[in-house]
4 protein chains.
Amino acid sequence: MPCKTNSELETFLKKAKHYTKMGKVADYIPALSKANRDDLSIAIYFPDGKYVSAGNVKEKITLQSISKVLTLALALIQRGEELVFSKVGYEPTGDPFNSIVKLEMSKPSKPLNPMINAGALAVTHMIKGNSVEERFTSILSFIQLLTGNKEIHYSKEVAQSEFETSHLNRSLCYFMKQHGIIDENVEELLDLYTKQCAIEVDCLDLARIGIVFALGGIDPVTKKRIMPAHVARLCKTFMVTCGMYNASGEFAVRVGIPAKSGVSGGILGAVPNRFGIGISGPALDDKGNSVAGVKLLEMLAEKYSLSMF
Amino acid sequence: MPCKTNSELETFLKKAKHYTKMGKVADYIPALSKANRDDLSIAIYFPDGKYVSAGNVKEKITLQSISKVLTLALALIQRGEELVFSKVGYEPTGDPFNSIVKLEMSKPSKPLNPMINAGALAVTHMIKGNSVEERFTSILSFIQLLTGNKEIHYSKEVAQSEFETSHLNRSLCYFMKQHGIIDENVEELLDLYTKQCAIEVDCLDLARIGIVFALGGIDPVTKKRIMPAHVARLCKTFMVTCGMYNASGEFAVRVGIPAKSGVSGGILGAVPNRFGIGISGPALDDKGNSVAGVKLLEMLAEKYSLSMF
Amino acid sequence: MPCKTNSELETFLKKAKHYTKMGKVADYIPALSKANRDDLSIAIYFPDGKYVSAGNVKEKITLQSISKVLTLALALIQRGEELVFSKVGYEPTGDPFNSIVKLEMSKPSKPLNPMINAGALAVTHMIKGNSVEERFTSILSFIQLLTGNKEIHYSKEVAQSEFETSHLNRSLCYFMKQHGIIDENVEELLDLYTKQCAIEVDCLDLARIGIVFALGGIDPVTKKRIMPAHVARLCKTFMVTCGMYNASGEFAVRVGIPAKSGVSGGILGAVPNRFGIGISGPALDDKGNSVAGVKLLEMLAEKYSLSMF
Amino acid sequence: MPCKTNSELETFLKKAKHYTKMGKVADYIPALSKANRDDLSIAIYFPDGKYVSAGNVKEKITLQSISKVLTLALALIQRGEELVFSKVGYEPTGDPFNSIVKLEMSKPSKPLNPMINAGALAVTHMIKGNSVEERFTSILSFIQLLTGNKEIHYSKEVAQSEFETSHLNRSLCYFMKQHGIIDENVEELLDLYTKQCAIEVDCLDLARIGIVFALGGIDPVTKKRIMPAHVARLCKTFMVTCGMYNASGEFAVRVGIPAKSGVSGGILGAVPNRFGIGISGPALDDKGNSVAGVKLLEMLAEKYSLSMF
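Along each chain, residue indices are assigned from 1 in the same order as the chain's sequence is written. All chains are assigned letters beginning at A, and all ligands numbers beginning at 1, according to the order in which they are written. Local features in a predicted model are, by the rule used here, given only for residues with pLDDT of at least 70; side-chain atom pairs are given and counted only at 80 or more, and totals for whole chains, interfaces and linings are based on all residues. Only heavy atoms go into the side-chain values, all of them from the structure, while hydrogens and water stay out.

- The name an unreviewed UniProt entry assigns to chain A is Glutaminase, from the organism Terrilactibacillus tamarindi.
- UniProt positions are given in the numbering used here, feature names are shortened, and annotations may be inferred rather than shown by experiment. Under Catalytic activity (unreviewed entry), UniProt gives the following word-for-word description of chain A: "L-glutamine + H2O = L-glutamate + NH4(+)".
- Taken from UniProt, the Subunit (unreviewed entry) comment for chain A reads in full: "Homotetramer."

### Remarks on the relation of the copies chain D and chain C
Then, number 1: Superposing the copies works by least squares over the C-alpha atoms of residues that have pLDDT at least 70 in both of them. Once chain D has been moved 0.0 Å along the axis and rotated by 180 degrees, it coincides with chain C to within an RMSD of 0.0 Å. Both copies are brought into coincidence by an operation consistent with a two-fold rotation axis. The C-alpha atom lying nearest the rotation axis in chain D is that of D:Ser171; the distance is 1.9 Å.
Then, number 2: The contact definition used throughout considers only heavy atoms, calling two residues in contact when any of these lie within 4.5 Å. A shared binding surface is used by both copies, with 100% of the interface residues of chain D retained as interface residues in chain C.

### Regarding the side chain of D:Arg135
Residues and elements named next belong to chain D.
Then, number 1: Looking at the element boundaries, Arg135 is found in helix 7 (residues 132-147).
Then, number 2: Accessibility here uses a 1.4 Å probe with only protein chains present; expressed as a share of the type maximum, an area under 20% marks a residue as buried, one over 50% as exposed, and anything in between as partly exposed. Note on Arg135: relative accessible area 6%, which makes it buried.
Then, number 3: Non-local contacts of Arg135, meaning those with residues more than four positions away in its chain, are made with Thr124, His125, Ile127, Lys128, Gly129, Glu184 and Leu192. To qualify as a helix, a DSSP run of H or I must reach at least 4 residues; to qualify as a strand, a run of E must reach at least 2; elements of each kind are numbered from the N terminus.

### Quick look at the sheet that holds strand 2 (residues 41-45) of chain B
Residues and elements named next belong to chain B.
Then, number 1: With antiparallel pairing, the five strands of this open sheet are ordered in space as 3-2-8-7-6. Taken across any chain shown, the strands that pair with only one partner, and hence form the sheet edges, are strand 3 (51-54) and strand 6 (259-261). Taken pair by pair, the neighbouring strands of this sheet meet at an average axis angle of 10 degrees, ignoring direction.
Then, number 2: Strand direction decides the pairing type here: strand 6 and strand 7 (residues 266-271), joined by three bridges, are antiparallel. Here a strand pair is declared whenever DSSP counts at least two bridges between the two strands. With axes taken as lines fitted to C-alpha atoms, and helix axes fitted only over the stretch in contact, angles between N-to-C directions fall between 0 and 180 degrees.

### Some details on the interface of chain D and chain A
Then, number 1: If you look at the interface, chain D gives 28 residues, while chain A gives 28 residues.
Then, number 2: As used here, buried area is the combined drop in accessible area, with a 1.4 Å probe, of two parts when they are placed together. Roughly 2500 Å² of surface becomes buried between chain D and chain A when both sides are summed, with 63% attributable to carbon and sulfur atoms.
Then, number 3: A pairing counts as a salt bridge when a side-chain nitrogen of Lys or Arg comes within 4 Å of a carboxyl oxygen of Asp or Glu. Here chain D is connected to chain A by four salt bridges.
Then, number 4: For the salt bridge of A:Arg254 with D:Glu81, the shortest nitrogen-to-oxygen distance reads 3.1 Å.
Then, number 5: Counted as a polar contact is a pair of N or O atoms within 3.5 Å, where, for protein atoms, one must be capable of donating a hydrogen and the other of accepting one, and residues adjacent in sequence contribute only when both atoms are in side chains. Put simply, chain D and chain A have 15 residue pairs in polar contact (both at pLDDT 80 or more) between them.

### Let's talk about the pattern of salt bridges
Residue and element names in this part refer to chain B.
Then, number 1: In total, this model carries 52 salt bridges over all chains according to the counting rule given.
Then, number 2: Ionic pairing is found between Arg208 and Asp219, a salt bridge with its closest N-O pair at 3.2 Å. Here Arg208, found in helix 11 (residues 203-214), pairs with Asp219, found in the loop between helix 11 and helix 12 (229-242); they are eleven residues apart in sequence, far enough to count as distant. Side by side, Arg208 and Asp219 carry an identical accessibility label, which is buried.
Then, number 3: Between Lys295 and Glu298 there is a salt bridge, with the nearest N and O atoms lying 3.7 Å from each other. Taken as a pair, Lys295 and Glu298 lie in helix 14 (residues 291-304) at a separation of three residues, close to a single helical turn.

### Regarding the relation of the copies chain D and chain A
Then, number 1: Mapping chain D onto chain A calls for a screw motion: a turn of 180 degrees about the axis and a shift of 0.0 Å along it, with 0.0 Å RMSD after fitting.
Then, number 2: A high fraction, 100%, of the interface residues of chain D reappear at the interface in chain A, so the copies pair face to face through one surface.

### Let's talk about the domain arrangement of chain A
Residues and elements named next belong to chain A.
Then, number 1: The domain boundaries assigned to chain A delineate domain 1 (6-62 + 201-303) and domain 2 (66-197).
Then, number 2: Start and end positions for the domains come from either an automated domain assignment or a database one. Spacing between the C-alpha centres of domain 1 and domain 2 amounts to 21 Å.
Then, number 3: On the domain 2 side, the residues contacting the 33 residues of domain 1 number 35 residues.
Then, number 4: Between domain 1 and domain 2 lies a buried interface of about 2700 Å² when both sides are counted; carbon and sulfur atoms form 74% of it.
Then, number 5: Glu157 is the partner of Lys34 in a salt bridge, and the nearest nitrogen-oxygen pair spans 2.7 Å.
Then, number 6: Taken together, the connections running from domain 1 to domain 2 amount to five residue pairs in polar contact (both at pLDDT 80 or more).
Then, number 7: Elements that contribute at least two residues to the side of domain 1 that touches domain 2 include exactly helix 2 (30-33), helix 11 (203-214), helix 12 (229-242), strand 6 (259-261) and strand 7 (266-271).
Then, number 8: Among the elements that make up the side of domain 1 that touches domain 2, the one with the highest residue count is helix 12 (eight residues).
Then, number 9: Lys, Arg, Asp and Glu make up the charged group, whereas Ala, Val, Leu, Ile, Met, Phe, Trp, Tyr, Cys and Pro make up the nonpolar group; the residues left over, Gly among them, are polar. Class assignment of the residues belonging to the side of domain 1 that touches domain 2 gives a composition of 21 nonpolar, seven polar and five charged.

### Some thoughts on the packing of helix 6 (residues 117-125) of chain D against helix 10 (residues 186-197) of chain D
Packed helix pairs are specified by the crossing angle of their axes together with the interaxial distance, meaning the distance between the axes.
All names here are of chain D.
Then, number 1: Orientation of helix 6 relative to helix 10, taken along the N-to-C sense of each, is 105 degrees, at an axis distance of 10 Å. Between helix 6 and helix 10, the angle is such that the two are roughly perpendicular. Between helix 6 and helix 10, the contacting residues are Asn117, Ala120, Leu121, Thr124 and His125 on the first element and Leu189, Leu190, Leu192, Tyr193 and Gln196 on the second.
Then, number 2: Broken down by class, the residue content of the contact of helix 6 with helix 10 amounts to six nonpolar, four polar and no charged. Reported orientations rely on four angle classes, namely roughly parallel under 35 degrees, roughly antiparallel over 145, roughly perpendicular from 65 to 115, and oblique for the rest.

### Structural notes on helix 3 (residues 66-79) of chain B
Residue and element names in this part refer to chain B.
Then, number 1: In this analysis, the expected span of each helix is defined as 1.5 Å times one less than the number of residues it contains. When the terminal C-alpha atoms of helix 3 are compared, their 20 Å separation across 14 residues agrees well with the 20 Å that a helix rising 1.5 Å per residue should span.
Then, number 2: The complete set of buried residues in helix 3 reads Ile66, Ser67, Lys68, Val69, Leu70, Thr71, Leu72, Ala73, Leu74, Ala75 and Leu76.
Then, number 3: The positive-phi residue at the C-terminal boundary of helix 3 is Gly80, with phi of around 85 degrees.

### Details of the interface of chain D and chain C
Then, number 1: Counting from both sides, the interface comprises 17 residues of chain D and, opposite them, 17 residues of chain C.
Then, number 2: Both faces combined, the contact of chain D with chain C buries some 1500 Å², and carbon together with sulfur accounts for 65% of it.
Then, number 3: When residues of chain D are sorted by the area they lose upon contact with chain C, D:Glu104, D:His167 and D:Tyr174 head the list and together hold 36% of the total.
Then, number 4: Scanning the region where chain D abuts chain C turns up zero salt bridges.
Then, number 5: Counting across the interface, chain D meets chain C through nine residue pairs in polar contact (both at pLDDT 80 or more).
Then, number 6: Where the side of chain D that touches chain C is concerned, the elements lending two or more residues are helix 5 (101-105) and helix 9 (167-178) of chain D.
Then, number 7: For the side of chain D that touches chain C, the leading source of residues is helix 9 of chain D, giving eight residues.
Then, number 8: Looking at the side of chain D that touches chain C residue by residue, the classes come out as six nonpolar, seven polar and four charged.

### Some words on unusual backbone geometry
Residues and elements named next belong to chain A.
Then, number 1: With an omega dihedral of 0 degrees, the bond running from Lys107 to Pro108 counts as a cis peptide bond.
Then, number 2: Checked against the element boundaries, Pro108 lands in the loop between helix 5 (101-105) and helix 6 (117-125).
Then, number 3: For Ser305, which is not a glycine, the phi torsion comes out positive at approximately 50 degrees.
Then, number 4: Position of Ser305 among the secondary structure elements: in the segment after helix 14 (291-304).

### Regarding the UniProt feature "binding site: substrate" (unreviewed entry) in chain A
All names here are of chain A.
Then, number 1: Annotation from UniProt places "binding site: substrate" (unreviewed entry) at Ser65, Asn117, Glu162, Asn169, Tyr193, Tyr245 and Val263.
Then, number 2: In contact with Ser65, not counting residues within four places along its chain, are Tyr245, Lys260, Ser261 and Gly262.
Then, number 3: Along the chain, Tyr245 turns up in the loop between helix 12 and helix 13 (248-254).
Then, number 4: The exposure class assigned to Tyr245 is buried, which follows from its relative accessible area of 9%.
Then, number 5: With residues near it in sequence (within four places) discarded, Tyr245 still touches Ser65, Phe97, Lys260, Ser261, Gly262, Val263, Lys287, Gly288 and Asn289.
Then, number 6: Within the structure, Tyr245 has its side chain in polar contact with the side chain of Ser65 (distance 2.9 Å).

Listed below in structure tokens is the structure:
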């Protein structure tokens, strides 16, 4: 088992940290651009509920696209696989995560997978509840359960800022509304979606979520089942085929573990049966993944033979 | 000069009317689907202010896409060519009129021309006024001026129905808002746009507008200039290159006159210096043009050598 | 009637010549890159068989894409409209002239129009003859007839150079062969096509071709009919809707005459019933049109009200 | 360990066989259309060199797209990862396997991955040798080595038939030649490629190849290393992300093992460290995968928990 001590992990972190200089902090909303480019922290959770970490693990980031895989799990629990995949596909795509082209060119106009924006919006649309508030509580509670952390909340500033500027997501939503993929009020859906993206976690929280997926849905501390095994498996599959934006294929080759990244610089990793990994490193590469985070995972993957393949 | 008598025109109309059976009335909103598939009427205006007509010329239809060329004229008058074409291009496209693909794939994300929905929305966005009401009044007054008909108004039922269902146009608007092509409230723009599309005219009104374009902006009755010659010319150019949806090229070959059609079955035609033509015939072909209207124009074009080419 | 004297035309030429500095000579094959960026010459033919000219009118250029409209005329004469348009469409496209995307995305996989490469290849495919030599003789003779110039031939160097490098055209051909648009040997078709593109003319030849189209198919000197009126009309229509690459729409607005350009810097213009225009100016703008040639046409259009619209 | 006896496997086969009725044999070349729709056979190889099988295991099929992953392994051995991935990408795509659209729309014009036709052609282009014959011998020897079967050869009839009809592949090749991805004679490359696709194997051969990948490159019988571990891993990664055409994502969810299919109805599967699977079942679903083969794998995956996720 790798990295049983913090100091071992810190050695890796130190090496990887040089790469932050090659990245850029997301700046499409002011709240994200305030992040420190040089930050980098990592935590690894083990099946026995223990963990190691390195860097400033208390540094919070928003989930952003990492939330896509969590609401997918929740939607699968609430609605079942058949309904969910009547509205979103299973297939990876070579198009950008926020592309609308395939929605127009595919018949039916169904988002190709739940990891692109259109697909994630269709998934969030399926979260149960009588109001945005109720549905958001449902998502937040699920994430508190996954992390074992009742303190988790969302950043109003980030949510508000994204809500005001996400016209591309509005465009995707109305396109899907036209084609019957979603049928709710678009502003409400975006309110819910931007709140979900603005949920704040640290790398320890991410690592804890990772170990739950790694263990097929079991909480490492309470040993209770949080989600059915097939839901955890399904989520890990999407993390491999399309979890790292348009670098998913290369990441699968170089690292080979289920992972999901977000533009805040977070990465959620799950090594089946072995460990959960959480990384926070806001400097992004040109595909939108944490540049130092990916490097760190490459080093760990090589050292500890993490690849599933 | 062709068709100096109604009876001559009626002979053509009778022949063309058989083609209505091959078309289908637009049914994407209930209000449009109520139209009578077998209706067909035509009017031709001459430079001296006289006209001939055939069919039930009092049958009203909504402008729909025909409004695109009229608001283009108004925007050019109000804002000038430079500003207008900073937000919309000059080029025809082989994509459908409501396509969003090119907006994503072109850099900058500017609609290719003012005759596709994205371009028309960008044009309507530029109409001056402090409120939707004021801007709509500006459009409506312009059309009353063009037709010399103060009775012209819009169908609240059609406008409302389109407003509620035009999610594809919302999608286009938000895409353009993301890319800075438009910067107003989308619901307000759609309110204005759907009202403009719902303005009701008959074939005589359309023919009268046609003769104004044909005369380079001069009213045939009052002999007053309604728009600058270069604006009239510019509009006629777009009518030729992209006025008849994705059949514009074939229409240019077969008929060869500036024309603009709408899904209500209307066609506005302008034969430079010779006459204005208005047609109402709700049965559409698979490209969205009045099937009998196009046939009628083909017959007239052959008989009276209408083609500009 | 404009420019009855060479000196009047020379004044325009002198002004337009400054714009050559803003352009770039095509360099995708060495033979084309040898052209002199600063060259500019123009000739205008009148219906009575007289002409004026300015610049070095003996400067030869290869037809390149200008040949597309000439083989279209020949194919229409040889095969008739129905057959020709079973293999190529009528519609303008916003895609680049050498794009393959629409061939894959449209059903059936028919080139959108005869002015893009795919369409022009499909048209040349239809030229009759038992061998490449025989078919090329047929094309060359037709162009000698149009220009009244028996001296016209093709540049072996340019043809050979293009034949060796036009892999994109091979790609288009095989795509069309797969879909049944063409069924001949691709290397033979490309041999024929590159020869046709390499036919050498000067601006006087182009102007003479222009007046034939302008007169609906009649030779201005012999007064004999070279092509049926409907063929001339059809060609002029395509020149307006898609003759100037992806600047056809803007050219229609600014100049408003049927015209076809080539990457050698040639422009063939036809003002219906009035005159034929030939321009040679190798410096190209970013759309592939002669930058000074377009400017020259804009000046003439404004001065002499050339626009058809 | 599953299926230690043939009879156990036969029970599964019997169930899966009903699904052949729902599929269609590939018919784009006559040689393939002769296959028997109702055929279905499977073999499973174990790390100890033993195997079980069911159905008519002697039934031969051609490799078709299965060859893509084998030449990828060979090219990686011969040329190294850096060179190979300078000419082909790592990323899955939502486009069809034979699509050319992304080649035009991506910059640089590099095929997205080695499992689509364009990418596979670029990979075969890199196979070393002084002639098609020498390069084909290199591929064939590698497959004989992988299968431990010196009798393996190719079907001249299938190769010839595909060579004559694969104009779409020619189109892809010339497009890539234009953009510098390949620089050899296209007919030679296609000769080599169609021969490689026409190599004949049975399900036992496929299972034996599968176990080599499953064991990270080690032959189960001789215990010798056939390819470096990182090459085997890389191939398995592509099999997961894009091995099953445009159903790769769904297959990853439902079965969850590295697999590559071909239009002949073959499937090559590799369950890391556990076993190799070979299936032959010519009836295809609408994505191009063996319909009964996929069902069989779903059953086995559920029964024996094959999923890696």
